[in-house]
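Working through the structure, step by step
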Amino acid sequence: MEIAWWWRDFVFAWWILFPAYAANMFPTLARGRRPIDFGRNFSDGRRIFGDGKTWEGLGFGVLMGALIGALEMALAPGLNEYAAQYGLALPEMNLFVAFMIALGALTGDLAGSFLKRRMGMERGADAPLLDQLNFIVGATVFAYLFTSITPGMILFMLVVTPAIHRAACIAGYKLGVKKVPW
Ligand code: CTP
Ligand code: MG
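Structural notes, computed from the coordinates. (Residues numbered from 1 in each chain as written. Chains lettered and ligands numbered in written order. Predicted model: local features only at pLDDT ≥ 70, side-chain atom pairs only at ≥ 80, totals over all residues. Heavy atoms only, no water.)

**With respect to the site of ligand 1**
Looking at ligand 1, there are 15 residues lining it, with K53, T54, S113, R123 and G124 nearest. K53 has a polar side-chain atom sitting 2.6 Å from an oxygen atom of ligand 1. Take K116: an N or O atom from its side chain is 2.8 Å from an oxygen atom of ligand 1. Within the complex, 85% of the 570 Å² of free accessible area of ligand 1 lies under protein. In this structure the site holding ligand 1 corresponds to the largest pocket. (Near = heavy atom within 4 Å. Polar contact = N/O pair within 3.5 Å; in protein donor to acceptor, adjacent residues only side chain to side chain. Areas by Shrake-Rupley, 256 points an atom, 1.4 Å probe, with all protein chains shown as cover. 1 Å grid on protein atoms, 1.4 Å probe; cavity = no way out; pocket = protein on both sides within 12 Å on 5 of 7 lines; lining within 4 Å. Sits in = over half its atoms within 2 Å of the grid points.)

What follows is the structure, given as structure tokens:
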């Protein structure tokens, strides 16, 4: 049986998105105190990353991203048995790949904060699209390097993410785990 490429890519995109989302969302719960930039300023006199990027957050994010990857590894044989009926196989997932997707997400997040500080935005300021896409772009680049990912998957990740991110942030705000609804 044949399956449409866009449907395959939409479903497969979640394979990369879940570890990336875990890496992006769990740092909020880490209650980190040690800034990655050690409180230092850049040459423009503003913080390099700011107090919103901590070692605890980075560590917890990578750990949880890898954990979601491990969960996917456990599900992979069953899912691939099903996918094989359509002549498909999920992108390779192992602990190294999951670790790299999570690290990519957090690297993208750091790059986003770096850009925000350079634009004079305070920690926590709303940067539409940049805030939603920074970790996805980072995860995509690392996923591209370490597992198989198609242009269609990249497209879905970039398009569906801002909408879902927005909804998740509002949910986090209402649950009281985030101070602002973005
Ligand atoms: N966080 C962390 N370490 C990271 C990433 C996030 O400790 N590497 C925590 C911080 O408490 C942060 C919260 O998760 O405030 C939400 O993350 P994010 O929205 O990315 O940071 P902001 O506080 O909005 O800072 P920025 O303006 O730099 O994006
Ligand atoms: Mg923020």
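**Notes on the pattern of salt bridges**
Pairing of side chains with opposite charge becomes possible as their charged atoms draw close. Evaluation of the coordinates by the stated rule reveals seven salt bridges. Note that E56 and R34 form a salt bridge whose closest N and O atoms lie 3.1 Å from each other. Remark: R34 occurs in the loop between helix 1 (5-25) and helix 2 (55-83) and E56 occurs in helix 2; sequence separation between them is 22 residues. Residue E56 is classed as partly exposed on the basis of its relative accessible area of 21%. R34 sits in the exposed class, given a relative accessible area of 57%. (Salt bridge = Lys/Arg side-chain N within 4 Å of Asp/Glu carboxyl O. Helix = DSSP H or I, 4+ residues; strand = E, 2+ residues; numbered from the N terminus. Buried < 20%, exposed > 50% of the residue type's maximum accessible area, 1.4 Å probe, protein only.)

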